[in-house]
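Residues per chain, in single letters:
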Amino acid sequence: MAKKEKNTKETAKKNKQPPKKNIKKTPKKERLFEDDMMIDVVGRFKDTLKLMEKQEKKAPPKKEKASPKREKSQPAKPGKKPAEKAKNSQKQSKKASPAAQPKQPLPKIKRAPVGKLKIISLGGLNEIGKNLTVFEYENDMIIVDCGLGFPDDDMPGVDLVIPDFSYLEENREKIRGVLLTHGHEDHIGAIPYLLRVLNPPIFGTNLTLGIIKNKLLEHQLPNEPKLQRVNAGDKIRLGAFDIEFIHVNHSIADACALAIETPLGTVIHTGDFKLDVTPIDGEMMNITRLGEIGNEGVLALLCESTNAERPGYTPSEKKVGRSLDYIFNTNEDKRIVIATFSSNVHRVQQIIDTSVRYGRKVAITGRSMINIVGAAVELGYMSVPENVLVDIAEIRRFKPEELTLITTGSQGEPMSALYRMAFGEHAQVSLGTSDLVVLSSSAIPGNEKLVGRIINELSKNGVKVLHDSVVEVHVSGHACQEELKLMQALTKPQYFIPIHGEYRHLAANRELALDMGMSPDSIFISDIGKVLEIDAKGARFNGTVQAGNVLVDGYGVGDVGNIVLRDRKHLSQDGLIVIVAAIEHDLGLLVSGPDVVSRGFVYVRESESLMDNMKTKTAEIIENELKRSKVDRIQLKNKVKDDLAKYIYQQTKRKPMIIPIIMDV
């Protein structure tokens with residue numbers, strides 16, 4: 001009996017599981033929201049990091065030993081040196097199975113603490129868009145992103161804004177390559193303009209390069225671009241820099257952060273990111289690799305700041321899918337028109353999938369939408385069932401409730417597809433009461449008026465409009481405060497540099513770093529053209545380089561400057577008056593005119609007396625000046641312009657632009 005009890009105790013002891021003190025498993029029923037899952041994942045990851053750090057402190061340093069299998073299969077031969085043995089071993093393993101051969105890690109860069117690392121932003125600071133950052137060490141330079149911005153209200157007639165490339169042109173011999181974090185316009189849009197003056201190799205992931213290839217077809221470039229594809233996890237060497245591409249979540253596929261190893265230490269450039277634990281493409285941000293790099297030591301973290309003012313976590317993209325399902329279910333009798341960012345292929349994929357579930361055909365309109373969807377389908381980032389897509393010219397063959405239209409124009413851009421639909425200018429689509437328009441986006445700062453104008457126009461035409469403030473049809477692709485804190489906790493940088501945002505965003509990101517315990521002396525809010533210099537003695541600002549905005553108007557790049565903008569503002573505000581007269585200078589006679597032409601100043605038919613008075617005043621000014629013996633045409637023009645301007649201001653309190661045209665016959 002005693003023996004039987006003893007055996008029972010031993011069996012129980014063997015089967016007994018170790019106590020699980022630290023791991024708290026949340027029951028599946030309680031996981032109602034992605035936020036709960038987010039907190040659970042982040043909490044577990046932080047616990048794991050703490051445990052790893054404790055083990056590293058306790059464990060003694062291990063000596064590296066050769067693999068027993070390798071020693072057995074490749075015995076050492078007498079007279080061979082260790083280096084030769086290793087070399088032969090590598091050759092034999094390559095011959096044995098070249099396909100299964102793992103990538104050899106890049107040898108470590110030789111540390112040279114006497115050198116200086118320079119970090120210079122030529123765009124993306126104190127503004128939204130136009131992101132471009134330069135890393136320079138000795139005679140090597142790399143560029144991260146090359147984006148464009150959109151014109152402000154004080155830039156009439158301007159199409160695009162790109163960075164000033166003067167500093168890059170001056171240092172063209174140092175440039176080793178351009179590294180792209182993802183395929184949004186504010187990160188790749190200025191690439192065609194850079195390639196007009198320089199032709200460095202450009203490294204990007206598959207979708208990013210696919211979008212660029214379509215973009216480059218619209219530009220006639222002097223040289224063939226050197227596009228080189230990389231994948232998340234790849235490492236490349238460019239001069240003094242080793243760069244690793246790290247997968248992150250964003251509102252476009254194939255987004256990456258960059259770990260840039262320099263002779264002074266590793267710098268992490270986050271690009272645009274968020275932590276999505278339920279992403280559409282099934283891959284969460286590689287926080288494990290970021291944590292490993294953080295444990296190895298990070299010199300500086302350049303972290304995006306777009307959502308630094310927003311608390312909590314950014315919702316998952318899958319929330320939009322549930323909202324779309326609700327919209328389609330409750331509007332089965334309407335044609336659904338959805339405007340979104342063309343680059344958000346995950347959003348477009350969800351719209352197509354939802355349309356298929358509800359038996360709808362899908363038509364795509366808008367040049368950028370057609371280009372990017374075409375590239376995404378071709379590269380395998382989107383899947384569209386057969387016979388679902390229809391040409392926009394054929395939509396009249398279907399009933400409204402059988403169609404979904406995916407379009408550009410979510411930011412209210414003039415001449416976009418949605419804008420033309422709203423104002424009745426689209427060739428194939430006219431909107432009415434049988435349509436529902438969904439704005440699956442949030443207004444970029446500065447575009448609120450444009451978006452509001454489209455909503456108002458659609459509402460006037462009896463079109464029902466749904467947008468982000470009514471139903472959750474959009475989630476941001478940028479990290480909120482808790483995700484930004486997590487990035488800092490994972491990387492534990494020595495220096496922190498907020499990037500990507502207006503000053504208020506950069507300042508908010510700085511406050512988060514202070515909350516995380518960073519010293520104020522280790523945080524640097526830079527500006528465009530400002531040089532941040534890091535060496536063995538520390539980090540500091542040291543001088544500036546030429547930087548600023550280059551305006552693109554049509555085919556003209558940089559030919560619209562401050563003077564032209566000033567004239568355009570002047571014309572838009574006060575109008576134009578042209579004075580035409582002919583004189584005989586030698587005889588001192590006014591031969592013809594003056595004629596007065598007004599544009600944008602007053603309505604001529606209702607201001608005939610004012611126009612006659614201006615003619616009389618101009619004739620007096622010219623005749624009085626011609627009585628002088630030494631008056632040339634330039635002096636005469638200036639006199640007409642100044643005196644007539646004073647007269648017009650006395651009469652109207654306006655200051656139109658005055659252009660005198662005086663001919664000598």
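Residues numbered from 1 in each chain as written. Predicted model: local features only at pLDDT ≥ 70, side-chain atom pairs only at ≥ 80, totals over all residues. Heavy atoms only, no water.

A. A look at the overall build of the protein chain. Helix and strand counts for the protein chain stand at 19 helices and 26 strands. Out of the 665 residues in the protein chain, the part that is buried amounts to 48%. Sequence-distant contacts, at least 24 apart, represent 72% of the contacts inside the protein chain between residues at least 6 apart. Surface exposure of the protein chain reaches about 35,400 Å², of which carbon and sulfur atoms provide 50%. (Helix = DSSP H or I, 4+ residues; strand = E, 2+ residues; numbered from the N terminus. Buried < 20%, exposed > 50% of the residue type's maximum accessible area, 1.4 Å probe, protein only. Contact = heavy atoms within 4.5 Å. Areas by Shrake-Rupley, 256 points an atom, 1.4 Å probe, with all protein chains shown as cover.)

B. Just the packing of helix α15 (residues 481–491) against helix α16 (residues 503–515), in detail. Two elements in contact, α15 and α16, have axes separated by 10 Å at closest approach and are oriented at 55°. It follows that α15 is oblique to α16 by the angle criterion. In this structure, α15 crosses over α16, and the sense of that crossing is right-handed. Across the interface between the two elements, Q481, L484, K485 and Q488 of α15 pack against N509, L512 and A513 of α16. For the contact of α15 with α16, the class distribution of residues is three nonpolar, three polar and one charged. (Axes fitted to C-alpha atoms, helices over the stretch in contact; angles between N-to-C directions. Parallel < 35°, antiparallel > 145°, perpendicular 65-115°, else oblique. Left-handed = near helix turned anticlockwise from the far one by under 90°. Nonpolar A, V, L, I, M, F, W, Y, C, P; charged D, E, K, R; others polar.)

C. Structural context of the nonpolar core. F165, L168 and I191 are the most contacted members of the largest nonpolar core, which has 60 residues in total. If one sorts the elements of this core by residue count, helix α8 (residues 206–216) sits on top with five residues. Residues contacting L168, with those up to four places away along its chain left out, are L122, L132, V134, M141, I143, I175, L194 and L198. Counting 33 residues, the second largest nonpolar core, distinct from the first, contains Y137, F203, L238 and A539. (Core = buried A, V, L, I, M, F, W, Y, C linked by side-chain atoms within 4.5 Å.)

D. Summary view of the pairing of strand β8 (residues 235–238). Burial of β8 is one-sided: the residues I236 and L238 facing one way are buried, the residues K235 and R237 facing the other way are not. Here β8 pairs with strand β9 (residues 241–247) via four bridges, running antiparallel. By the bridge assignment, R237 is partnered in β9 with D242. Hairpin connection, β8 to β9: the antiparallel pair is bridged by two residues, and G239 has positive phi, about 60°. (Pairing = 2+ DSSP bridges.)

E. Quick look at a nonpolar patch on the surface. Side chains of L587, L589, V591, I659, I661, M663 and V665 sit close together on the surface and give an oily, nonpolar patch of about 640 Å² of accessible area. Broken down by element, the nonpolar patch gets its largest block of residues, three residues, from strand β26 (residues 657–664). (Patch = residues over 30% accessible without salt bridge, like charges linked within 9 Å, V, L, I, M, F, W, Y side chains within 5 Å. Salt bridge = Lys/Arg side-chain N within 4 Å of Asp/Glu carboxyl O.)

F. Structural detail: a negative patch on the surface. A contiguous patch of negative charge, built from E332, D333, E401 and E402, is present on the exposed surface. Relative to the elements of secondary structure, E401 occurs in the loop between β15 (389–390) and β16 (403–407). (Lys, Arg positive; Asp, Glu negative; His and termini not counted. Charge placed at Lys NZ, Arg CZ, Asp CG, Glu CD.)

G. Region of the structure containing α16. The first and last C-alpha atoms of α16 sit 18 Å apart over 13 residues, in line with the 18 Å expected at 1.5 Å per residue. Every buried residue of α16 is listed here: H505, L506, A508, N509, L512 and A513. Here the buried residues of α16 occupy an arc of 160° about the axis, which is enough to place them on one side. Turned more than 90 degrees from where α16 packs its buried face, Y503 and D515 sit exposed. Against β12 (298–304), α15 and β19 (493–499) lie the buried residues of α16. Of the residues one or two after α16, G517 is the one with positive phi, at around 100°. (Expected span 1.5 Å × (residues − 1). Arc of directions from axis to C-beta.)

H. Examining the confidence of the model for the protein chain more closely. Considering every residue of the protein chain, the mean pLDDT works out to 82; 81% of them sit at 70 or more. Per-residue pLDDT stays below 50 along residues 1–6; that stretch engages in zero contacts with residues further than four places along the chain or on separate chains. Note that residues 61–102 has pLDDT below 50 and, in this model, nine contacts with residues that lie over four places away or in other chains. (pLDDT = per-residue confidence, 0-100.)

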